[in-house]
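# Coordinates in review
What follows is the residue order along each chain.
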Amino acid sequence: MSILANRQPELLKVSNLTGGYGKIPILFGIDLSVGENEFVGILGHNGMGKTTLLRTMMGHLRATGGAVAYQGQDITGWKPERCARAGIGYVPQGRQIFPALSVLENLQIAAVNNAEEGLIDRLLEDFPRLKPLLDRRGGVLSGGEQQLLALARCLAASPKLILLDEPTEGIQPSIIEVIQERLTHFKTAYGISFVLVEQNLEFIRGLSDRVMVMQKGQIAQELSPEAIAEPNLIEEFAGL
Ligand SMILES: Nc1ncnc2c1ncn2[C@@H]1O[C@H](COP(=O)(O)OP(=O)(O)O)[C@@H](O)[C@H]1O
Ligand SMILES: [Mg+2]
């Protein structure tokens with residue numbers, strides 16, 4: 001069978017996307033595609049435009065050129081809420097849960113637009129570590145627990161595609177393992193696609209079907225996950 005026949009249909013297609021802050025250009029013509037049930041990693045040092053890319057795709061920042069298509073529909077310029085309703089989840093860098101609200105209240109707010117019966121129970125089944133923390137305020141959780149809460153909040157909307165911005169940043173290794181296992185589960189059990197922005201090589205390699213390297217607002221190259229084990233790349237990203 002040909003390679004083309006094996007390719008998954010496209011879920012997200014970003015074409016020649018440009019954007020930035022006010023008059024400062026940051027993204028210089030990004031092309032990116034994500035298939036159904038595909039996990040795409042984006043690797044890049046600090047300041048390369050990874051967060052700007054996710055925020056522009058999600059409608060938090062205005063694109064100055066190019067297009068974002070989702071399920072074959074042009075969603076360029078859509079507001080974040082509309083992207084979310086269409087099935088795109090976004091877990092921002094730094095997690096941004098509600099620190100003053102309890103874990104349960106954080107989940108209830110995320111679930112407010114979803115009439116699914118037993119939704120909170122379903123979320124807690126997917127995130128059993130949150131069960132004993134329900135009455136804790138979000139702000140007193142560890143970084144890893146906050147990341148699990150942020151993921152659970154995102155899952156409340158039953159997304160088809162999730163954009164993840166550095167989920168391992170500042171998180172202890174034991175919970176990084178839990179997050180990796182959960183993301184793998186969501187991909188295989190729910191068929192969710194992912195765009196994962198990371199600087200953690202081992203994490204991105206363990207999850208991604210394909211990896212893009214981002215440099216100065218552009219996709220510089222595409223790597224297979226195996227290539228991420230190359231010693232020179234490991235050296236380049238060491239100590240980040
Ligand atoms: N709110 C902002 N206003 C102006 N420039 C910004 C803003 N946020 C980020 N930048 C700049 O945009 C560039 C890319 O940042 P960012 O997308 O956060 O990179 P990354 O996520 O890869 O670390 C950096 O030079 C950064 O200083
Ligand atoms: Mg960033």
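The structure this text deals with has already been given above.
Let me begin by describing the structure that accompanies this report. For every chain, the first residue of its written sequence is number 1, and the numbers climb from 1 along that sequence. Written order determines the labels here, with chains lettered from A and ligands numbered from 1. Side-chain atom pairs in this predicted model are given and counted only at pLDDT of 80 or more, local residue features only at pLDDT of at least 70, and totals for whole chains, interfaces and linings cover all residues.

So, about the site of ligand 1. Nearness here is judged by the C-beta atom: place it from the backbone, and if it falls within 6 Å of a molecule or strand, the residue counts as near that partner. If you check the shell around ligand 1, you find Tyr-21, Ile-24, Ile-26, Gly-44, Asn-46, Gly-47, Met-48, Gly-49, Lys-50, Thr-51 and Thr-52 and nothing else. For the shell around ligand 1, the secondary structure elements donating two or more residues are strand E2 (24–35) and helix H2 (50–57). Where helices and strands are cited, they refer to DSSP runs of H or I of at least four residues and of E of at least two residues respectively, numbered from the N terminus. Looking at which element gives the most residues to the shell around ligand 1, the answer is H2, with 3 residues. Three residue categories are used. Nonpolar comprises Ala, Val, Leu, Ile, Met, Phe, Trp, Tyr, Cys and Pro, charged comprises Asp, Glu, Lys and Arg, and polar comprises the others, including Gly. Residues that form the shell around ligand 1 fall into these classes: 4 nonpolar, 6 polar and 1 charged.

Backbone geometry places Asn-16, a non-glycine residue, at a positive phi of 50°. Within the secondary structure layout, Asn-16 lies in strand E1 (residues 10–21). By C-beta crowding, Asn-16 is classed as partly exposed, having 13 other C-beta atoms within 10 Å. Phi is positive for Arg-95, close to 75°, though the residue is something other than glycine. Arg-95 gets classed as buried once you count the C-beta atoms within 10 Å, which come to 24. Every C-beta atom is placed from the backbone, and the number of other C-beta atoms within 10 Å of a residue's own sets its class: buried at 20 or more, exposed at 12 or fewer, partly exposed in between.

Before going further, it helps to spend a moment on the pairing of strand E7 (residues 161–165). Taking burial as the measure, the 5 residues of E7 include 5 buried ones, the bulk of the element. Taking every second residue as pointing to the same face, both faces of E7 are buried, with Leu-161, Leu-163 and Asp-165 on one and Ile-162 and Leu-164 on the other. Strands pair, by our definition, only if DSSP identifies at least two bridges between them. Note: strand E6 (residues 88–91) against E7, 4 bridges, orientation parallel. Across the sheet, the residue bridging to Gly-89 is Ile-162, located in E7. Sheet topology note: the E7/strand E8 (residues 193–198) ladder contains 5 bridges and is parallel.

We now examine helix H4 (residues 103–110). Here H4 has its buried residues at Val-103, Asn-106, Leu-107 and Ala-110. Seen along its axis, H4 keeps its buried residues to an arc of 95°; they face one direction. This arc is taken over the directions from the axis of the helix to the C-beta atoms.

Moving on to the sheet that holds E1. Spatial ordering of the open sheet is given by E2-E1-E4-E5, a layout of 4 strands whose pairing is antiparallel. The strands lining the two open edges of the sheet, one partner per strand, are E2 and strand E5 (73–74). When E1 meets strand E4 (residues 63–70), the two strands line up antiparallel, connected through 6 bridges. Across the sheet, the residue bridging to Lys-13 is Ala-69, located in E4.

With that out of the way, let us pick up the sheet that holds E7. Across the sheet, which stays open at both edges, the 6 strands sit in the order E6-E7-E8-E3-E9-E10 with mixed pairing between neighbours. Since the sheet does not close on itself, it has two edges, and those belong to E6 and strand E10 (218–223), each with one partner. Each strand axis lies, on average, 20° off the axis of its neighbour in the sheet, ignoring direction. Where strand E9 (residues 210–215) lies against E10, 5 bridges are found, and the strand directions are antiparallel. Across the sheet, residue Met-212 finds its bridge partner in E10, namely Glu-222. Here contacts are defined at the residue level, using C-beta atoms placed from the backbone and a cut-off of 7 Å between them. Axis lines are fitted through C-alpha atoms, for helices just across the contact stretch, and the angle between N-to-C directions can take any value from 0 to 180 degrees. Along the sheet face, H2 touches strand E3 (39–43), E6, E7, E8 and E9 and points at about 150° away from the line of E7.

Moving on, we get to the nonpolar core. A set of buried residues drawn from Ala, Val, Leu, Ile, Met, Phe, Trp, Tyr and Cys, joined through C-beta atoms within 7 Å, is what defines a nonpolar core. By size, the foremost hydrophobic cluster in this structure holds 58 residues, and its most contacted members are Ala-152, Leu-163, Phe-194 and Leu-196. Considering every element that reaches this core, the biggest residue donor is helix H6 (residues 143–155), with 7 residues. Apart from the residues within four sequence positions on either side, Leu-196 is in contact with Phe-39, Gly-41, Ile-42, Leu-164, Ile-204, Leu-207 and Ser-208.

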